[in-house]
Amino acid sequence: RVALAPALDQAGLPQPRRASHDLFFACDGAALCPHNHGECRRLRDTAISPAEGLHLPTHCFPDGLVYGVVAESQVVSVAYAHRTNLMEEQVADLGVETAPGYRRRGYAQTAVSAVVTEIARNGGVAYYSCSPDNHASAATARSVGFMPYGRNFVLSSLQEG
């Protein structure tokens, strides 16, 4: 934002109130590097409770694509696919979350690779995005076989009036 401020001033445009920046990744069956760090299973309901600090994507139950890693009789990491409304049968956007006490054990890699395996089995491509500052998330994506394909940088400003 600092570098853009003089250019925006010169153009007579307002300074941004908000900026967002995302990295975008894609993976298909050919690039997939499966991981197996723990017991991973497809989840269809909340029969297995989540570990503290983990939120299950109940909006994806019962027909959505949700995989979770189970440890100590609870779901400790979960990955799920969102339909993109663009080529819905072939393209899916992933979400992933791991309970704070279970991070850095490869559980996210396992859950994400299970979701990508299912998407690729049906001839689809999985997409993944994260903030450039979220190094752990970007590393998870790369370790599973996701390849970077783009960046998004958005400045937004509301004019007073």
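Residues numbered from 1 in each chain as written. Predicted model: local features only at pLDDT ≥ 70, side-chain atom pairs only at ≥ 80, totals over all residues. Heavy atoms only, no water.

Peer 1: What should I look at first to understand the packing of helix α2 (residues 107–121) against helix α3 (residues 135–144) in this one?
Peer 2: Axes are the key here: two packed helices are described by the angle between their axes and the distance separating the axes. Put simply, α2 and α3 touch, their axes get as near as 9 Å, and they point 50 degrees apart. As far as their axial angle goes, α3 and α2 are oblique. Taken as a pair, α2 and α3 cross one another with a handedness that is right-handed. Side by side, α2 and α3 meet where Ala-108, Gln-109, Val-112 and Ser-113 of the first sit next to Thr-140, Ser-143 and Val-144 of the second. Residues that form the contact of α2 with α3 fall into these classes: three nonpolar, four polar and no charged. (Axes fitted to C-alpha atoms, helices over the stretch in contact; angles between N-to-C directions. Helix = DSSP H or I, 4+ residues; strand = E, 2+ residues; numbered from the N terminus. Parallel < 35°, antiparallel > 145°, perpendicular 65-115°, else oblique. Left-handed = near helix turned anticlockwise from the far one by under 90°. Contact = heavy atoms within 4.5 Å. Nonpolar A, V, L, I, M, F, W, Y, C, P; charged D, E, K, R; others polar.)

Peer 1: Hey, could you run me through the packing of aromatic side chains in this one?
Peer 2: Geometrically, a pair of aromatic rings is defined through the distance of the ring centres and the angle of the planes. In this structure the tally under the stated criterion is four aromatic pairs. Residues Phe-24 and Tyr-149 carry aromatic rings whose centres are separated by 6.1 Å and whose planes lie at 50 degrees to one another, so their mutual orientation is tilted. Here the residue Phe-24 occupies a position in strand β1 (residues 18–27), and Tyr-149 occupies one in strand β7 (residues 147–156), the gap between them amounting to 125 residues. For Tyr-149, a relative accessible area of 47% puts it in the partly exposed group. Considering the side-chain rings of Tyr-128 and Phe-146, the 5.3 Å spacing of their centres and the 55 degrees angle between planes classify their relative orientation as tilted. Of this pair, Tyr-128 sits in strand β6 (residues 125–130) while Phe-146 is found in the loop between α3 and β7, placing the two residues 18 residues apart along the sequence. Its relative accessible area of 3% is what places Tyr-128 among the buried residues. The class of Phe-146 is buried, set by a relative accessible area of 1%. (Phe/Tyr/Trp six-rings, centres within 6.5 Å; stacked < 30°, edge-to-face > 60°. Buried < 20%, exposed > 50% of the residue type's maximum accessible area, 1.4 Å probe, protein only.)

Peer 1: When you look at unusual backbone geometry in this model, what are you seeing that I'm missing?
Peer 2: Note: most peptide bonds trans; most residues except glycine with negative phi. The backbone of Ser-73 sits at a positive phi, close to 60 degrees, despite the residue not being glycine. Topologically, Ser-73 is positioned in the loop between β3 (66–71) and β4 (74–83). Overall, Ser-73 belongs to the exposed group, its relative accessible area being 67%. Phi at Arg-104 takes a positive value of approximately 70 degrees, unusual for a residue other than glycine. Its location among the elements puts Arg-104 in the loop between β5 (91–98) and α2.

Peer 1: For this particular structure, what's the right way to read the pairing of β6?
Peer 2: Residues in a regular strand point their side chains to alternate faces of the sheet. Where burial is concerned, the two faces of β6 differ: the one with Ala-126, Tyr-128 and Cys-130 is buried and the one with Val-125, Tyr-127 and Ser-129 is not. Bridging between β1 and β6 involves five bridges; their strand directions are antiparallel. When the sheet's bridge partners are listed, Leu-23 is paired in β6 with Cys-130. (Pairing = 2+ DSSP bridges.)

Peer 1: How do you make sense of the environment of Arg-42 when you look at a structure like this?
Peer 2: Tracing the backbone through its elements, the reader meets Arg-42 in strand β2 (residues 39–42). The sequence separation of Arg-42 and Gly-64 amounts to 22 residues, and the corresponding C-alpha distance is 9.8 Å. Those residues in contact with Arg-42 that sit more than four places away from it in its chain are Asp-63, Gly-64, Leu-65, Val-66, Tyr-67 and Glu-118.

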